[in-house]
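# Observations on chain architecture
The chain contents come next:
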Amino acid sequence: MKNPTHQPIVSAEENLHRKLSAVDKWDKEVKAFIEVYREDALKRAKAVDNRIREGKAGPLAGLVVAVKNNIAVKGKRLTCSSKMLETHRAVYNAAVVEKLIAADAIIVGSVNLDEFACGVDGTYSTLQRTKNPLDLERVPGGSSAGSGASVAAGMCDAALGSDTGGSVRCPAAFCNAFGFKPTYGAISRYGLSDLAMSLDQIGVISKDKAVMKRVFDAIRGTDPRDQTTQLADAMLRKKPAEAKVIGVPKEFFEGVDKHIAAGVKKKVKELEKHYEVREVSIPTLKYTVPIYQLTMAAEFSSAMNKYDGLRYGFTGDRNEELYSSFSKARDAALGKEIKRRIMIGTYITMKEFKDAWYSQALKAREVMKEEFASVMKDVDVLAGPAMPTGPWKFGEKMTPLEMYAADMLTIAANLTGTPAIVEPLSSDFKDGAIQFYGRHFEDDVLFGIG
Amino acid sequence: MVNVIIGLEIHVQLKTKSKIFCSCPTNYRDVEPNENLCPTCAAQPGSKPFGLNKTALDNLLKIALALNCRIRDSSIMQRKHYLYPDNPSGYQRTSKPIGAEGNLGTIRIREVHIEEDPGRYELREGTVDYNRAGIPLIEIVTEPDMRSPEDAREFLDELSAILGYLDVARDEPGSMRADANVSIDGGTRVEVKNINSFSGVVAALAYEIIRQQNVVRRGGKVIMETRHFEEASNSTTTLRKKETEEDYRYLPDPDVPPISVNRAHVAELGRKMPELPRAKAARLSKDFGIRPEDAWILVAEVEIANLFERMAKRAIPQKIALWIRGPLKKQLNYRELTLKRSGLKEEWLSELFGMFEAGEVSDKGMEQTLIALFEKKKSPKTIATEMDLLMTKDTKEIGRIIDTVVEGNPKSIADYKAGNEKALNFVVGNAIKLLKGRADSKLVRELVLKKIKEKK
């Protein structure tokens, strides 16, 4: 499949028709969408066109956006790609959905993900298998698999994803698009189903960096319904900084595919024309995977405790004894990877084992934050590869540990709460992608680099 | 004498307009089940807690200050994990201590923290109502400093009085709950859970102490377990036996920023603290010369203490104290009312007491006027007049009734003459009954005796 080129928006309706025809043409094969909001979107496009004519249109007027299906859109399915929520419909709009609507974007539908966003390649979805539009034999990347694939296939202008350890940046890299994970707390998570609350952040994928920035600007900001966004508005009023020094942590190149490493180094060389480039070292980067796995699993096991088959989604057997009904519902409706993470998370937070595992991870995370802060006193951004490899083929045997290791370059941004952007190195997805990390709430800086 | 050790964990629902982490209203008793719900308090996928309710935190701080606690500068919200239908998220948000190392008299307070109430699950119907989910609660944990159910009663009475003075807690049945830890003679500690009232605590403790004594007497050993208090039978039954302590896997809640407590604000709350029951009782006793035990009863409700203080300026304080703790409290308690909720006006009570003191009504007449006052809610003088309860000065009327009684009971008169004093009481009683208490009993007695003599 060829990259459909981005064309300027003529009218919201026309743009939507273009995207819907891409959906009709490709999505039987790609399977990015869980639900297409065709009728609603057409209605909205007409209304937005009216506002465009009246000169009252919002900043995203006519942009067609897909939303990862762990973000609530009122009245629509909210499956998290799990049997547990296969029948569930959201009873409210996520904060970002309210903001997209207010900005006159057109939400075209919900897109697939690894179950509860737990996965790195999209194959842990329990509802459907999303393929990489650039090579249908390859994975699209995860967990925002449908977000990456729908953008790559020209079925939307931008897609929202969620990024807990790289879930926006991995599919962006694998689908050769731009991907952005903002500072933790820059965007309200109200309405985003939890994976790991201290790591989760909503992000954007697009083939157009300027569109990605427009979407980010429209959905960022303080929301009283997500207390971790308290600083977002105040930070927006800060004078934007300008990057002068790029740091390149040597640890970012360990275990990375040679071709990709070479491409990134070449790109860094080009950047030397405009920036001062320094090699730096952040020793705790070696431990990102264990720190992340422990933190994430602990929080995930807590977040998943609400799924007991009683209130919504999968219904447990009401005639069973209470606890047996809970455990049977969870056993039947949650996938293997979910169970693995819940079990690890439960184990490491038990009284007996907490000090040996979870508490250690919390401490190590603090050390990593300090190291990052200290390095980034002198450098404005960090650069390195986005993913250690390109997208693999379906069926390539990978152990969970190998899968977890694929995150090693992205998860530090989540552990430290810093913003990160990934950009394709060429028009060929096999060349890989470069990634830049910025300082807290210096998100805008990242859009000016590269 | 058996050596008893008791510690309490007391839950109090705080008085706020909205729930602890969202803007849903808190009038959960007044609405249909599951009406006061939003995605947050129903734990819908993707929902997040809003900021911690500021009024709830202030209410906690006031209580902690009243309990002489040290206030911590910061605390964090944690998740306490457990699965039960009343719990929509699979965990309860509960803070680390905010107040600690306090005391109420000789009972030390270990800590005070804030948490969210779960919903209400009806096991038999298999239904759940989440209106209560998210009502702000505090938990007050005492050290094991109580030695008897009576100690617990005194502690809880004073605590309820304080909550009333501060006006920070929900004032309705079921808004205060407690768990009690009890052991005897250094034996195993047993936890009694789900006690839904303060009076229930005393009953549960009394039962549990006897149960443990009986176990030991029969040569058994008290085992570590959690017991449930059955209100209907005033007894406790096994809820679960625990080999090890439960593991709630406490985790800091990443969705709730650390709670920071401003010192200047705490100092301000401290300055605005009203005079509390203990200090008030001491002052009333000193200033008005009333007995300390009477002062304690008066200060249990701030409105009653205030009533006393105002009335005591116009009459003999000890008499007023006895009148309030006697007839007035008797009628309030019988109706399960506080003075505040009774709707009785101070001017009426003052007038009634004045009538009683002046001998315008007998003690029976006063009591009947008071009873009528709860319904009629108007001047006691008017009520007493309407109900014909004012003392009669009409000696002719009294004479007539005494004649009737003495004539009508020849056998009793004969018995009295034969030396049976009780027979006289019967005759006098009859006369007072016919007079509807409108005459002084001493006077009636004298007149009856006079009549008997005349008859000779």
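What counts as what
Residues numbered from 1 in each chain as written. Chains lettered and ligands numbered in written order. Predicted model: local features only at pLDDT ≥ 70, side-chain atom pairs only at ≥ 80, totals over all residues. Heavy atoms only, no water. Helix = DSSP H or I, 4+ residues; strand = E, 2+ residues; numbered from the N terminus. Rg over C-alpha atoms; globule rule 2.2 N^0.38 Å. Buried < 20%, exposed > 50% of the residue type's maximum accessible area, 1.4 Å probe, protein only. Contact = heavy atoms within 4.5 Å. Areas by Shrake-Rupley, 256 points an atom, 1.4 Å probe, with all protein chains shown as cover. Lys, Arg positive; Asp, Glu negative; His and termini not counted. Charge placed at Lys NZ, Arg CZ, Asp CG, Glu CD. Core = buried A, V, L, I, M, F, W, Y, C linked by side-chain atoms within 4.5 Å. Buried area = accessible area lost by both parts, 1.4 Å probe. Salt bridge = Lys/Arg side-chain N within 4 Å of Asp/Glu carboxyl O. Polar contact = N/O pair within 3.5 Å; in protein donor to acceptor, adjacent residues only side chain to side chain. Nonpolar A, V, L, I, M, F, W, Y, C, P; charged D, E, K, R; others polar. Pairing = 2+ DSSP bridges. pLDDT = per-residue confidence, 0-100. Domains from an automatic or database assignment. Arc of directions from axis to C-beta. Axes fitted to C-alpha atoms, helices over the stretch in contact; angles between N-to-C directions. Phe/Tyr/Trp six-rings, centres within 6.5 Å; stacked < 30°, edge-to-face > 60°. Lys NZ or Arg CZ within 6 Å of the ring centre and 35° of its normal. Parallel < 35°, antiparallel > 145°, perpendicular 65-115°, else oblique. Left-handed = near helix turned anticlockwise from the far one by under 90°.

Scanning chain B from terminus to terminus reveals 16 helices and 16 strands. Against the 2.2 N^0.38 benchmark of 23 Å for 456 residues, chain B shows a C-alpha radius of gyration of 29 Å, more extended than a compact globule. Across the 456 residues that make up chain B, the buried fraction comes to 52%. Of all intrachain contacts in chain B linking residues separated by at least 6 positions in sequence, the fraction that spans at least 24 positions is 67%.

Helix and strand content of chain A: 16 helices and 11 strands. Taken against the 2.2 N^0.38 rule, which gives 22 Å for 450 residues, the C-alpha radius of gyration of chain A at 21 Å falls within 12% of a compact globule. With the principal axes as the frame, chain A shows a C-alpha extent of 65 × 65 × 45 Å. By residue count, 62% of the 450 residues in chain A fall in the buried class. The contacts in chain A between residues at least 6 apart in sequence include a share of 76% that link residues at least 24 apart. Carbon and sulfur atoms make up 54% of the accessible area of chain A, which totals about 17100 Å². With 64 positive and 58 negative side-chain charges, chain A shows a spacing of 2 Å between the two charge centroids.

Where a protein is soluble and globular, its nonpolar side chains tend to be buried together. Core analysis: the biggest nonpolar cluster contains 103 residues, and L100(A), F116(A), L160(A), V215(A) and L382(A) have the highest contact counts within it. A per-element tally of this core places helix 6 (residues 209-219) of chain A first, with 6 residues. With 97 residues, the next largest nonpolar core counts A56(B), A152(B), L156(B) and M176(B) among its residues.

Opposite the 40 residues of chain A that make contact, chain B presents 34 residues. Overall, the association of chain A and chain B removes approximately 3000 Å² of surface from exposure, summing both partners, and the carbon and sulfur fraction of that is 55%. Across the contact surface, chain A and chain B share 2 salt bridges. Note that D194(A) and K48(B) form a salt bridge whose closest N and O atoms lie 2.9 Å from each other. Linking chain A with chain B are 21 residue pairs in polar contact (both at pLDDT 80 or more), by the criterion used here. Sorting the residues of the side of chain A that touches chain B by element identifies helix 9 (288-303), helix 10 (322-333), helix 11 (336-349) and helix 12 (351-354) of chain A as the ones contributing at least two each. Ranked by residue count, the leading element in the side of chain A that touches chain B is helix 9 of chain A, at 5 residues. When grouped by side-chain class, the residues that make up the side of chain A that touches chain B number 19 nonpolar, 13 polar and 8 charged.

With that out of the way, let us pick up the pairing of strand 14 (residues 235-241) of chain B. In the sheet, strand 13 (residues 225-230) of chain B pairs with strand 14 of chain B via 6 bridges, with the strands oriented antiparallel. When the sheet's bridge partners are listed, H228(B) is paired in strand 14 of chain B with T237(B).

The subject of this paragraph is the confidence of the model for chain B. Looking at chain B as a whole, the pLDDT averages 91, with 98% of positions reaching at least 70. We note a pTM of 0.89 for the whole complex and an ipTM of 0.93 for its interfaces.

Applying the stated criterion across every chain, the model contains 69 salt bridges over all chains. When the shortest N-O distance is used, the salt bridge between K339(A) and D331(A) registers 3.0 Å. The residue R291(B) makes a salt bridge to E293(B) at a minimum N-O spacing of 3.8 Å. Connected through shared salt-bridge partners, R189(A), D226(A), R79(B), R93(B), D253(B) and D255(B) make up one network.

Right, let's get into the confidence of the model for chain A. In this model, chain A carries a mean pLDDT of 94, and residues with pLDDT of at least 70 account for 98%. Long-range and interchain partners of residues 1-8 of chain A, a stretch whose pLDDT sits below 50, account for 15 contacts in this model, where long-range means more than four residues apart.

Residues and elements named next belong to chain B. As for its position among the elements, Q92 is in strand 5 (residues 91-95). Take Q92: its relative accessible area is 9%, and that puts it in the buried class. Considered as a pair, Q92 and E115 are 23 residues apart in the sequence and their alpha carbons are 7.4 Å apart. Apart from residues no more than four positions distant in its own chain, Q92 is found in contact with Q78, R79, K80, Y82, N87, E115, E116 and P118.

Turning next to the domain arrangement of chain B. Considered domain by domain, chain B is made up of domain 1 (4-270), domain 2 (277-386) and domain 3 (395-455). For domain 2 of chain B and domain 3 of chain B, the distance between their C-alpha centres works out to 33 Å.

Here the focus is helix 6 (residues 292-299) of chain B. Residue and element names in this part refer to chain B. Those residues of helix 6 that fall on the buried side of the exposure criterion are D294, A295, L298 and V299. The buried residues of helix 6 all sit within an arc of 130° when viewed along its axis, so they share a single face. In the core, the buried residues of helix 6 are packed alongside helix 2 (149-166), helix 5 (277-288), helix 7 (302-311) and helix 8 (317-334).

This part covers the sheet that holds strand 10 (residues 420-424) of chain A. All names here are of chain A. Strand order in the open sheet formed by 11 strands is 1-3-2-4-6-5-10-11-9-7-8, and the pairing between neighbours is mixed. Whereas interior strands pair on both sides, the edge strands pair on one side only; in this sheet they are strand 1 (33-36) and strand 8 (276-280). Ignoring strand direction, the axes of neighbouring strands in this sheet form an average angle of 25°. Examined bridge by bridge, strand 2 (residues 64-68) and strand 4 (residues 158-163) share 3 bridges and lie parallel to one another. Within strand 4, the residue paired with A66 across the bridge is A159. Relative to strand 11 (residues 433-437), helix 8 (residues 258-271) is tilted by about 55°, and along the sheet it contacts strand 7 (245-249), strand 8, strand 9 (381-385) and strand 11.

Another aspect to go through is the packing of aromatic side chains. Aromatic ring pairs are reported here in terms of the distance separating the ring centres and the angle at which the planes meet. Evaluated as defined, the whole model comprises 16 aromatic pairs over all chains. With a centroid separation of 5.4 Å and an interplanar angle of 85°, the aromatic rings of F174(A) and W392(A) are classed as edge-to-face. Of this pair, F174(A) sits in helix 5 (residues 169-174) while W392(A) sits in the loop between strand 9 and helix 14 (400-405), and the two are 218 residues apart along the sequence. Here the two residues F174(A) and W392(A) agree in accessibility, since each one is buried. In this arrangement the basic side chain of K76(A) is found over the ring face of Y37(A), its NZ or CZ atom lying 4.8 Å from the centre. One Lys or Arg, R93(B), reaches over the ring of F21(B) and ends 5.4 Å from the middle of that ring.

All names here are of chain B. Running from N to C, helix 6 and helix 8 cross one another at 50°; their axes reach a closest spacing of 10 Å. Taken together, the axes of helix 6 and helix 8 lie oblique to each other. When the axes of helix 6 and helix 8 are compared, the crossing they make is left-handed. Where helix 6 approaches helix 8, its residues E293, D294, I297 and L298 are matched on the opposing element by Q318, A321, L322, I324, R325 and K329.

This part is about the side chain of T164(A). Residues and elements named next belong to chain A. Tracing the backbone shows T164 in the loop between strand 4 and helix 5. Residue T164 is classed as buried on the basis of its relative accessible area, which comes to 2%. Among the polar contacts made by the side chain of T164, one reaches the side chain of D200 at a distance of 2.6 Å. Once you skip the residues sitting within four places of it in the chain, T164 turns out to touch L195, A196, L199, D200, Y292 and N414.

The next point concerns the side chain of N414(A). For N414(A), the location among the structural elements is in helix 15 (residues 411-416). Not counting the four nearest positions on each side in its chain, N414(A) is found in contact with D163(A), T164(A), G165(A), G166(A), R169(A), K181(A), S198(A), L199(A) and R365(A).

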